[in-house]
Amino acid sequence: MTEFKTVRGMRDFLPEEAKIMRYIEGKARRVAELYGYNEIITPVLEPYELLAAKAGEEVRLRMYAFKDLGERMVALRPEFTPSVARLVATTLRNEPKPFRLFCVGSLYRYDEPQQGRYREFWQSNFELMGSSKPEADAEIIMLTNSLMETVGLRNYAFKFGHIGVLRGVMGKEGLDEKVQSDAMQLMDKKQYDEALRLVKEAGVSNKCMATLRKLVELKGDNLGIIEEMKLLVKDYEEALKATENLQEILKLVQASGCKINMTIEAGFARGLEYYTGIIFEVNVPEMDKALAGGGRYDRLIELFGGEPTPAVGIAHGIDRIMLALQLQKARLKIKEEKTVIVIPVNEELKGEALKISQMLREANMPVEVEVSGRKVAKALEDANRRKMDYAIIVGEKELKEDSVVIRNLREREQKVVKIGTIVETIKGKSD
Ligand code: AMP
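What counts and how
- Residues numbered from 1 in each chain as written.
- Predicted model: local features only at pLDDT ≥ 70, side-chain atom pairs only at ≥ 80, totals over all residues.
- Heavy atoms only, no water.
- Domains from an automatic or database assignment.
- Buried < 20%, exposed > 50% of the residue type's maximum accessible area, 1.4 Å probe, protein only.
- Helix = DSSP H or I, 4+ residues; strand = E, 2+ residues; numbered from the N terminus.
- Pairing = 2+ DSSP bridges.
- Arc of directions from axis to C-beta.
- Contact = heavy atoms within 4.5 Å.
- Axes fitted to C-alpha atoms, helices over the stretch in contact; angles between N-to-C directions.

Peer 1: Kindly report on the domain arrangement of the chain, identifying the contributing residues and their values.
Peer 2: In terms of domains, the chain is made up of domain 1 (15-327) and domain 2 (340-430). A straight line from the C-alpha centre of domain 1 to that of domain 2 covers 53 Å.

Peer 1: Tell me what's going on with the pairing of strand β15 (residues 390-394), and back it up with residues and numbers.
Peer 2: Counting buried positions along β15 gives 5 out of 5 residues, so the element sits mostly inside the fold. Here strand β13 (residues 340-344) pairs with β15 via 5 bridges, running parallel. Within β15, the residue paired with I343 across the bridge is I393. Bridging between β15 and strand β16 (residues 403-408) involves 4 bridges; their strand directions are antiparallel. From the neighbouring strand, Y390 faces β16, where its bridge partner is N408.

Peer 1: How would you summarise helix α10 (residues 224-232) if you had to cite specific residues and measurements?
Peer 2: Residues of α10 that are buried include every one of I225, I226, M229 and K230, and no others. Take α10 and look down its axis: the buried residues cluster within an arc of 150°, on one side only.

Peer 1: Please set out the sheet that holds β16 residue by residue, giving values where relevant.
Peer 2: One open sheet holds the 5 strands; their spatial order is β14-β13-β15-β16-β17, and the pairing between them is mixed. Only two strands of the sheet have a single neighbouring strand rather than two, namely β14 (368-369) and β17 (413-418). In this structure, β16 lies alongside β17, joined through 6 bridges in antiparallel fashion. Bridge assignment links R407 to a residue of β17, and that residue is Q414. The strands touched by helix α15 (residues 376-385) within the sheet are β13, β15 and β16, with β13 carrying the most contacts at an inclination of about 170°.

Peer 1: A description of unusual backbone geometry should follow, citing residues and the corresponding values.
Peer 2: A cis geometry characterises the amide bond from K97 onward to P98, with omega recorded as 0°. Mapped onto the elements of the fold, P98 is located in the loop between α4 (81-89) and β5 (99-108). The backbone of K329 shows a phi angle near 50°, a positive value even though the residue is not glycine. Relative to the helices and strands, K329 resides in the loop between α13 (318-327) and β13.

In structure tokens form, the structure reads like this:
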């Protein structure tokens, strides 16, 4: 028989990892509640055209795309935003705006597998639809900060940029949109020389080239850098507007009292083509890949046939947050309940053991039952190996008195208690 393995790039989450993953997901859900984002659940499989429309070359080429048995061209979603935008353009079209939507689930990209990069990965995704105001962008940044803080990450930093800065400079000379997008893709991969060469070959002025060259080198860790950006782009109306917009958003974040570490990079670009405004990422020093990424995209809903709807959103990479927490050796505050096993001393008492277990579960206490017919000593040995907290031993003699033996496996001591007091004994009220 062949030994089956997971498909390359796919992973199993064993219980310990699954617990951490769900812990992060739980925190994201709480952030969604705290900021008023309602969950929607969209299909993993979508029309290829929808996902490809504005994805950008990088993501488009890495999609799991195929024909289904009905000859439809479909793909596994590589991101959530197109699905959310599809809904807003169709079913939710007439809903009063703004509205806030949250999704969590798995995404698929045929990326080269490596640490922090998988072909199936998980995101929590927040989209704020229907506002073009800077306070909407500020909210997405603030909620991302809340998530990173509440999961227990340290030393994370935001990186900010604005699509309109580079596009404003390139667009003034009528540079073809496709060349602009290609140049941005290269910049996203930090291939600045190639990007600039592409722009130059498309025939822009020397002044434009000089401005772009200075922009891609301009970065700083405070709002002061934005004044320098403004000076650099003062002759480019659109780029200047974009820079002012970036400044306004970041000032609002500061005004909220939200303290974040940041870098602002004038030459920062992101691979997805649909961005129209501020763009951002979150990074930690322990990793060279972003934990989260997002930005403003004001034209996507229209592109999908909906009403013009300005929007801003972010995707938090749960796998990478998990990895960053591991690299930072973070101690997670995951609520652990006591682990308890119920063991009948003989075959005849199986029914009683099941009955007591059921009673405890109804009282909201998680318990397992011995199901392998092992003798008490063997079952206890196994419970110890698994570092369980308590064993409830169901024996003839005690049952006659409406009692059982509770063994504290950590302290290695035991006592006889009435069945009705098991829960409080274990939860420590009458201990
Ligand atoms: P993007 O839409 O490419 O900006 O991705 C948003 C976030 O999703 C990233 O910041 C990562 O945290 C996560 N992500 C993207 N691609 C992968 C991948 N192949 N494996 C794991 N996480 C990913």
